[in-house]
Amino acid sequence: AAFDVGGCFNIHPADVTSLVRNHPSTKKGRLVEIYASGLGWTDVALEEIVDATAGRLRGLGVGFSPYISGPGLILTLGKLASTLSRLAVPFCTGMDDAAAAALGRTLPNLAVLDIRGCNKVYSLSAMMEGRVGNSESNGASAGHLFVLGRYSGISNNSLEETMRLFDGLTCVLDGGGIGEGIRR
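Residues numbered from 1 in each chain as written. Predicted model: local features only at pLDDT ≥ 70, side-chain atom pairs only at ≥ 80, totals over all residues. Heavy atoms only, no water.

## Overview of the pairing of strand 7 (residues 169–172)
Pairing of strand 6 (residues 145–148) with strand 7, which is carried by four bridges, proceeds in the parallel orientation. When the bridges of strand 7 are listed, Leu145 appears paired with Leu169. The parallel pair strand 6 and strand 7, bridged by helix 7 (residues 156–165), forms a crossover whose chirality is right-handed. (Pairing = 2+ DSSP bridges. Helix = DSSP H or I, 4+ residues; strand = E, 2+ residues; numbered from the N terminus. Right-handed = clockwise from strand over helix to strand, strands pointing away.)

Shown next as structure tokens:
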């Protein structure tokens, strides 16, 4: 089951957490996707929603949240290391190169990452290095990663360098009007 209230400005993170805690799908372990961008998430609220799902989330969207820090993302999303495959944190000012690198090491199953507008992310090399290092230590190969990076700090030159160094990455900096950035 999925829950999507992104952009519903009359809903607050505490409302979402309360609903998730009390929803029958959560109790049965079937709530696996939450998309709630634009609600003013904080590090504490993010941790509460992750804890309420008992670490079963495969998809999470908490973008447009200026109050989520890089360390908060790293600490909290580490609880979803075995399940999270889709993460949307567009326009989260706490997402930077250090957070991206740590998430690369922490989230081995991540397949889709939306970092649009995260202008403190200048390169994906450290993230990809973390993914490769994590997979090598576990004896598995890192899966393909699709990144939406429009309006991030990633330049074409930076992306080309990362793609020369690492396989398994597709990053859209500008979709060219063909809708390539529409993924879920």
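## Description of the sheet that holds strand 6
The sheet built from seven strands is open, its strands ordered 1-2-3-4-5-6-7 with parallel pairing. Looking at strand neighbours, the two that pair on one side only are strand 1 (2–4) and strand 7, the edges of this open sheet. On average, each strand axis in the sheet is inclined to that of its neighbour by 10°, with strand direction left out of account. Judged from the three bridges that link them, strand 1 and strand 2 (residues 33–35) form a sheet pairing that is parallel. Bridge pairing links Ala2 to Glu33 in strand 2. (Axes fitted to C-alpha atoms, helices over the stretch in contact; angles between N-to-C directions.)

## Some thoughts on the side chain of Thr26
Relative to the assigned elements, Thr26 resides in helix 2 (residues 24–27). Note on Thr26: relative accessible area 10%, which makes it buried. The contact partners of Thr26, leaving out residues within four places of it in the chain, are Val20, Leu31, Ala52, Thr53 and Arg56. (Buried < 20%, exposed > 50% of the residue type's maximum accessible area, 1.4 Å probe, protein only. Contact = heavy atoms within 4.5 Å.)

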